[in-house]
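So you can see what is in the structure, the chains are spelled out below.
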Amino acid sequence: MTGATKLLLIAFSMIFTENYVLVQFIAICPFLGVSKKFDSSVGMSGAVIFVMTLASAVTWLIYNFIMVPLHIEYLSTIIFILVIAALVQFVEIVLKKFLKPLYNSLGIYLPLITTNCAVLAVTLLNISNTYNFLESVIDGLTAGVGFGLAMILFCGVRKAIERAKPPKCFEGLPITLVAAALTSMTFMGFTGIADALFK
Amino acid sequence: MKKSKWQIFTNGIFKENPVLILLLGCCSVLAISVTVQGALGMGAALTFVLVGSNVVISLLRKIIPDKVRIPCFIVVIATFVTLVEMITEAFLPDLYSSLGIFLALIVVNCIVLGRAEMFASKNSVGDSFLDGLGMGIGYTVVICAIAVVRELFASGTIYGLRIIPEGYQIGIIGQTPGGFLLFGVAMAVLIYALGKKGKKFDPRIGCDGSCGNCNLGCENRIQDIKKEEETEVEK
């Protein structure tokens, strides 16, 4: 497989066939918590895409240029979560200082991201899949885009639920979870497409 | 009112069950509950991390400065997670490969960090130990209950024992949509059953008040962050 096709395959599978939220069950908490309002879904997705891309790049560099030479690969979980926490703080400070408009739209979501499982998952999976630098960055970016897609789609679904009237015991969370099941069923339709497209 | 030891222990199993009532850490519950074996392994791993981190954080609660407490908690939790990862990889390689990324993701599991912040950083070592154990058992019970149903319908077995003959399985229950669906239906059934008995069962997304580290981003949390920023600006 050539480099470009591999990148396309990563991008396609991260957004559709291997979507973090709807197929792999990663980052369900913000998916259920934030998707109530359209504005916050978009803001959260933007912040996740931004941090995931950066985190993929930074952790790849740290792993391959610091941890591998020192033979401390087994510490990856500890080091990555600390790197992510520091990175989120750093991004927050930089945005506040230099990119005020971007900070105003993403700022409030940044503190929520340190403990977002998707960010830690993408950095660890980049390493276990032995991606190179460019592949890792694309993986982080498109996994974030996939998260955003799921989030915004589900936000629309929830808007429709609000107008529906489910049985009393299903009101609130249970019907939301059932709707999530139906949303994720649509993503099952993509299974197998990636293999056929990029063989 | 001071709680008795027994109350602290059972709090996590019934009253404040982390998964069903607080909806914390539901990623791993939904993803791992495909087989009972995996669910038991995940429950054991989480309980170990929860008890370990609760005890250590409770021991260190007077030393850790308030401002950097979250990173400190994360380091303690990540240490225990790395321990669990190494132990399962060495002694239970099958379990290790079936849990996959979700073993490492215990680090960011809201239950562990939530208990550290809400309980262990304020209470004695013994109480924190009991709290961790109770919460861990509460998690394990729920994940196993869901796993029994999912394994039965998706592969026709319970803990590897065949119950439904081959060819009569409903594959989708074992996949992602089935996880969401079963969890939602389980919750609705509980609300219905307890409602008939006259008891109230009220699942809320995540809110046990441990806003400081929650990543759910509910309205309260966002208002909180906005307020924090305003006070900072005033300073």
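A brief structural summary.

Definitions and limits used
- Residues numbered from 1 in each chain as written.
- Chains lettered and ligands numbered in written order.
- Predicted model: local features only at pLDDT ≥ 70, side-chain atom pairs only at ≥ 80, totals over all residues.
- Heavy atoms only, no water.
- Helix = DSSP H or I, 4+ residues; strand = E, 2+ residues; numbered from the N terminus.
- Buried < 20%, exposed > 50% of the residue type's maximum accessible area, 1.4 Å probe, protein only.
- Contact = heavy atoms within 4.5 Å.
- Buried area = accessible area lost by both parts, 1.4 Å probe.
- Salt bridge = Lys/Arg side-chain N within 4 Å of Asp/Glu carboxyl O.
- Polar contact = N/O pair within 3.5 Å; in protein donor to acceptor, adjacent residues only side chain to side chain.
- Phe/Tyr/Trp six-rings, centres within 6.5 Å; stacked < 30°, edge-to-face > 60°.

Turning to the environment of F14(B), a few remarks are in order. Residues and elements named next belong to chain B. Residue placement: F14 occurs in helix α1 (residues 5-15). Note on F14: relative accessible area 59%, which makes it exposed. For the pair formed by F14 and G138, sequence separation is 124 residues and the distance between their alpha carbons is 7.1 Å.

Let us now look at the interface of chain B and chain A. For interface size, the figure often reported is the accessible area lost on association. Taken together, the contact between chain B and chain A spans 53 residues of the former and 45 residues of the latter. Interface of chain B and chain A: buried area, both sides summed, is about 4,100 Å²; carbon and sulfur atoms make up 80% of it. One can count 0 salt bridges joining chain B with chain A. Run the count over chain B and chain A and you get 2 residue pairs in polar contact (both at pLDDT 80 or more).

Bringing the environment of I163(B) into the picture now. Residue and element names in this part refer to chain B. Within the fold, I163 resides in the loop between β2 (161-162) and α9 (171-174). Overall, I163 belongs to the exposed group, its relative accessible area being 52%. Considered as a pair, I163 and K62 are 101 residues apart in the sequence and their alpha carbons are 53 Å apart.

Okay, the packing of aromatic side chains next. For any pair of aromatic rings, the description consists of the separation of the ring centres together with the inter-plane angle of the planes. Under the criterion given, the structure shown has 11 aromatic pairs over all chains. With a centroid separation of 6.4 Å and 45° between ring planes, the pair formed by F31(A) and F180(B) is classed as tilted. Remark: F180(B) occurs in helix α10 (residues 176-196) and F31(A) occurs in helix α2 (residues 28-34); the pair is interchain, linking two chains. Here F31(A) falls in the buried class, since its relative accessible area comes to 0%. Between W60(A) and F65(A) the ring centres are 6.3 Å apart and the planes differ by 75°, which places this aromatic pair in the edge-to-face class. On the basis of relative accessible area, W60(A) is assigned to the buried category, the value being 14%. The exposed category is assigned to F65(A), whose relative accessible area is 58%. Pairwise contacts between aromatic rings join F12(A), F16(A), F187(A) and F190(A) into one cluster.

Below, the discussion takes up the side chain of D139(A). Looking at where D139(A) falls in the secondary structure, it is placed in helix α7 (residues 133-163). Discounting residues that sit within four places of it in the chain, D139(A) has contacts with I10(A), M14(A), V122(A), N126(A) and Y131(A).

This part is about the pattern of salt bridges. The full count for this structure, using the stated rule, is 6 salt bridges over all chains. The shortest N-O distance in the salt bridge between E135(A) and K6(A) comes to 3.7 Å. Of this pair, E135(A) sits in helix α7 while K6(A) sits in helix α1 (residues 3-17); the two residues are 129 residues apart in sequence, bridging distant segments of the chain. Here D127(B) makes a salt bridge to K5(B), at a shortest N to O gap of 2.7 Å.

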